[in-house]
Amino acid sequence: MNRRDFLKSLATAAAVAVATSLAPNVSFAAQEEVPTPQDDLTWRKAPCRFCGTGCGLLIATQNDRAVAVKGDPDSPVNRGLCCVKGYHSILALYGADRLTTALVRKEGKLVETPITEALDLVAQKMQETIDTTGKDSVAIYGSGQWTIPDGYVASKLMKGLVGTNNLEANARLCMASAVTGFLTSFGLDEPMGSYADIDYADVFVLWGNNMAEMHPVLFSRMLEERRKRPHIKIIDLATRTTRTSAAADRSILFLPQADLAIANAICYEIIRKGWVHEEFMRAHVAVKQGKTNIGYGLEDNFAFTDEMTDLDWEAYKSYLADYAPDKVAELTGVSAKDLRFLAALYGDPNKKVTSFWCMGINQHVRGTWMNNLVYNIHLLVGKISSPGNSPFSLTGQPSACGTVREVGTLTQALPSGPVTSEDARKKAAEIWKVPVENIPDKPTFHTVEMFRALDRGDIRFIWIQVTNPMVSMPKLARYREGALKEDRFVVVSDVYPTPTTDIADVVLPSAMWIEREGMFGNSERRTQHWEQLVPPPGEAMSDTWQLIEVARRLGYGEWFPWSQEEHIKAIWDEYTSFHANPKHAMASYELLKERPGVVWPIVDGKETIWRYNADFDPAAQGHDSQYYFYGKPEGKAWLIHRPYEPAAESPDEAYPYWLCTGRVVEHWHTGSMTRRIPVLHRAMPHGYVELNPQDARRLGIRTGDKVRVVSRRGETILPASVNQRGAPAPMQVFVPFFDESMLINEVTIDAFCPISKEPDYKKCAVRIEKVS
């Protein structure tokens, strides 16, 4: 049975436990024997495998299989609650087509091969490529699903030993704008808030963030707080009507790309109404401006460097005059009354306000700017770094923060800072025991450019771990064709067959989640450890150990001397030496094992829940004021003026609709795991294109009709969805990207934010055709 037939067969598979709501319960995996009664089970902790919330789970095992899962009531994140994916998470381990042995392409076909032989071949091809075309012709592409040890070993191998910065991760596609937003506004990529803000805030503004489906446990916490404190308001600010809209106190729809103008209109109105916290601004904020008309990254080898200059307060106010609510109402699609309403929420000194966002702001050709603009709003009113007052970017993967951002598995980063910093390179060289000259001082290829380089031939060898780029990359056809060129060598480490394993020369079977020991780091700086709970199937091996095995074959064994039994602790101890600062330390291995997650920095055994505030953060103490933004000169955050600029591509006569892509609550990202969970697959068996009811009537389209979505780059056919889960605004369509048989990324554009290099999956122009 091929993979697509197998996935279709799941729709008729016998359901195991059904959990379609967020009510706490326990779900059992199907077993050959009746499980031991629940009261007799031994439960062990692990963070959830899906999304970046970092929910704590308790998992029971029997006969070397996970048999039950429930929320951990001791976890400060979810307090015993789970979403539908969490309650069925262990079933992702047991799909019938699980990869259990290595595969090597021979005469055009993938053939089962002993894993030791496959690892020999990976090392051989990697070394041959380095010898033939140079160290910058090899690359590793990892993931925000990598554990912290996975990412750390990959960084040490590539940047410290091979000597190339050709290391990237798929978090570039989802969180890079959050990184550059933090760096530009505060000087450090270190979130200042906490999920505890939910317990204190009076107002939640959700910027393009369908939390009811994307972060359902956090959204449930918000709803529970509103039940207990009825004055709480939840504002859904979005481009389509969703389940979040239905639960919000106010739903405000805006036109695609107009969030830039909305944020500036809020800033204008705050100043006009006299709501600026002037004392906070004088003491803690510097006003800046960057370059404008910065492009969209559509050309190969696109390069951009921002440049900050001081901006006078009166000049800043003058710029904002263009964003008076009456002036931008038509541009934004939001009435002047609603724009003033939003400003009043932020400006009210008696209300604590938390802003949440995720992909809507980050996957944006001006994603860095949008992060800056939300920070601007909070800085103007002094509502930041205190309980309930927080601008908070949520992550979409379990360790996008812990592995990618903290460890530094992007081309420009090291565990100790940017590769351009001599101090950061010296520190890494000292800890890794390599010459500092080994570590290049310039970034190479970010994710989109890495796959462009693979297409061009600048990269000839790429090792892809824990991600599925042949479903997730925008403008997908180009990058798939590039990977299939004759003189390219592609290695893929995964747990199931995917469209990415389809193009591989070597497939390595990976141990998944609780089949190995590891750590994740979530959105609120919480590091979570778990023990190996069950053995991996067949020859499956952790991604960490695969990397170590190849490193040893390349001659780097002395830098990876650890045994399998103790390597995770040894890696953690070495990694945390990068943070050996009494006011910036990470938890010890022993402390991580004791608790259901530990928030860093940890000072004298105490977690730092809010940053930059001397009441909570020891690193901010010892100065003359309550707030100290120690990532910036003079301890001042930067309010950066960022104007409205249009999207890379807008609808026209030939392609009159906006396309937005995203996720659904049942499935996670490309669906390679959740589509193998029968109850989730039955609940959402295939992709769809969501149309506005008025557009559907005009086009004669009903739910279930086949619809062709066409752009300048490609097309795909999906069934229509009208008046079902959500409703786009007129002349807009929405498509989730989890279905590999309906590849919407054949249609999307590979434009990106020139600062963060994160692609915009939310805006491109398409036409809609009913298929007869």
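All chains use their own residue numbering, which begins from 1 and follows the written sequence. Side-chain atom pairs in this predicted model are given and counted only at pLDDT of 80 or more, local residue features only at pLDDT of at least 70, and totals for whole chains, interfaces and linings cover all residues. Side-chain measures here rest on the full set of heavy atoms in the structure, leaving out hydrogens and waters.

A. The pairing of strand β19 (residues 461-465), seen in detail. Burial classes: relative accessible area under 20% of the type maximum marks a residue as buried, over 50% as exposed, and values in between as partly exposed (1.4 Å probe, protein chains only). Put simply, DSSP marks the helices as runs of H or I at least four residues long and the strands as runs of E at least two long, and each gets a number from the N terminus on. With five of its five residues buried, β19 lies for the most part within the structure. Residues of β19 alternate between two faces, with F461, W463 and Q465 on one and I462 and I464 on the opposite face, all of them buried. At least two bridges found by DSSP between two strands are what make those strands a pair. Of the strand pairs in this sheet, strand β7 (residues 138-142) and β19 are connected by four bridges, and their pairing is parallel. Among the inter-strand pairings, Y141 is bridged to a residue of β19, identified as I464. Relative to strand β20 (residues 489-494), β19 runs parallel, the two being bridged by five bridges. Considered in β20, the bridge of I462 is made with V490.

B. Up close: the side chain of T395. Along the chain, T395 falls in the loop between β16 (390-393) and α16 (400-406). T395 sits in the buried class, given a relative accessible area of 0%. Definition of a polar contact: a pair of N or O atoms within 3.5 Å, with one able to donate and the other able to accept a hydrogen when the atoms are protein atoms, and with sequence-neighbouring residues admitted only if both atoms are side-chain atoms. Within polar-contact distance, the side chain of T395 engages the side chain of S523 at 2.4 Å. Contacts are residue-level and defined by heavy atoms, with any inter-residue pair within 4.5 Å sufficient. Ignoring sequence-local partners within four residues, the contact set of T395 consists of G52, M175, H215, C358, A400, C401, R405 and S523.

C. Representation of the pattern of salt bridges. The working definition used for a salt bridge is a side-chain nitrogen of Lys or Arg within 4 Å of a carboxyl oxygen of Asp or Glu. Applying the stated criterion across every chain yields a total of 61 salt bridges. R452 is paired through a salt bridge with D300; the nearest N and O atoms lie 3.8 Å apart. In this pair, R452 sits in helix α18 (residues 447-456) while D300 sits in the loop between β13 (285-289) and β14 (309-310), placing the two residues 152 residues apart along the sequence. Residue classification places D300 among the partly exposed positions, given a relative accessible area of 28%. The closest approach of N and O atoms between D487 and R488, which form a salt bridge, is 2.1 Å. D487 sits in the partly exposed class, given a relative accessible area of 40%. When salt bridges with common partners are traced through the structure, they connect D300, E449, R452, D455, R456, D458, R478, K485 and D750 into a single cluster.

D. The arrangement of the confidence of the model for the protein chain in detail. A residue's pLDDT is simply how confident the predictor is in it, with values from 0 to 100. On average, residues of the protein chain score 94 in pLDDT, and 95% of them are at 70 or above. Every residue in residues 6-37 scores below 50 in pLDDT, and together they form 76 contacts with partners more than four places removed in sequence or on other chains.

E. Representation of the sheet that holds strand β27 (residues 637-641) in the model. If you walk across this open sheet you meet the three strands as β14-β13-β27, and the pairing is mixed. Here the strands that pair on one side only, and so sit at the sheet edges, are β14 and β27. Here two bridges tie β13 to β14, and the two strands are oriented antiparallel to one another. Looking across to β14, one finds that Q289 is bridged to T309. Across the sheet, helix α15 (residues 367-381) touches β13 and β27, and the angle it forms with β27 is around 120 degrees. To define axes, lines are fitted to C-alpha atoms, for helices over the stretch in contact only, and angles between the resulting N-to-C directions are given on a 0 to 180 degree scale.

F. Quick look at the packing of aromatic side chains. When two rings of Phe, Tyr or Trp (its six-membered ring) have centres within 6.5 Å they constitute a pair, described as stacked for plane angles under 30 degrees, edge-to-face for angles over 60, and tilted for the intermediate range. Considering all chains together, one arrives at 28 aromatic pairs under this definition. Ring centres of W313 and Y316 lie 5.6 Å apart, and the angle between their planes is 45 degrees; on these two criteria the pair is classed as tilted. In this pair, W313 and Y316 are both assigned in helix α11 (residues 313-320), three residues apart and thus about one turn of the helix distant. Residue classification places Y316 among the buried residues on the basis of a relative accessible area of 0%.

G. Spotlight on the environment of P415. If you trace the backbone, P415 turns up in the loop between β17 (413-414) and β18 (417-418). Along the backbone, P415 and L718 are 303 residues apart, and their C-alpha atoms lie at a distance of 43 Å. Ignoring anything within four residues of it in the chain, the contact list for P415 reads Y152, S155, E406, V407, W432, Y575, F578 and H579.

H. Molecular detail of the packing of α18 against helix α20 (residues 476-483). At a minimum axis separation of 7 Å, α18 and α20 run at an interaxial angle of 50 degrees. Taken together, the axes of α18 and α20 are oblique relative to one another. The element α18 and its partner α20 pack so that their crossing is left-handed. On α20, the residues touching V448, F451, R452, L454, D455 and R456 of α18 are R478, Y479, G482 and A483. Any angle between 65 and 115 degrees counts as roughly perpendicular, while under 35 counts as roughly parallel, over 145 as roughly antiparallel, and the rest as oblique. Put simply, a crossing is left-handed when the front helix is turned counterclockwise from the back one by less than a right angle, and right-handed when it is turned clockwise.

I. Representation of the nonpolar core. The criterion is simple. A nonpolar core is a set of buried Ala, Val, Leu, Ile, Met, Phe, Trp, Tyr and Cys residues joined through side-chain atoms within 4.5 Å. Core analysis: the largest hydrophobic core is formed by 87 residues, its most contacted members being F186 and W207. Excluding its chain neighbours within four sequence positions, the residues that come into contact with F186 are M192, Y375, L379, I384, Y612, F629, G631, K632 and A637.

J. Quick look at α18. Here α18 lies mainly inside the structure; nine of its 10 residues are buried. Among all positions of α18, only T447, V448, E449, M450, F451, R452, A453, L454 and D455 are buried. Here the buried face of α18 lies against β7, β8 (167-169), β19, α19 (469-472) and α20.

K. How the structure looks around the pairing of strand β10 (residues 233-238). Taking burial as the measure, the six residues of β10 include five buried ones, the bulk of the element. Relative to strand β12 (residues 250-253), β10 is paired through four bridges, and the arrangement is parallel. Each residue of the ladder has a partner; that of D236, found in β12, is S251.

L. Highlighting the sheet that holds strand β22 (residues 518-521). Pairing within the open sheet is antiparallel, and its three strands lie in the order β22-β23-β24. What marks the edges here is a single partner per strand, and that holds for β22 and β24 (598-599). Where strand β23 (residues 526-530) and β24 come together, two bridges link them in antiparallel fashion. Following the sheet pairing, T527 is matched in β24 by V598.

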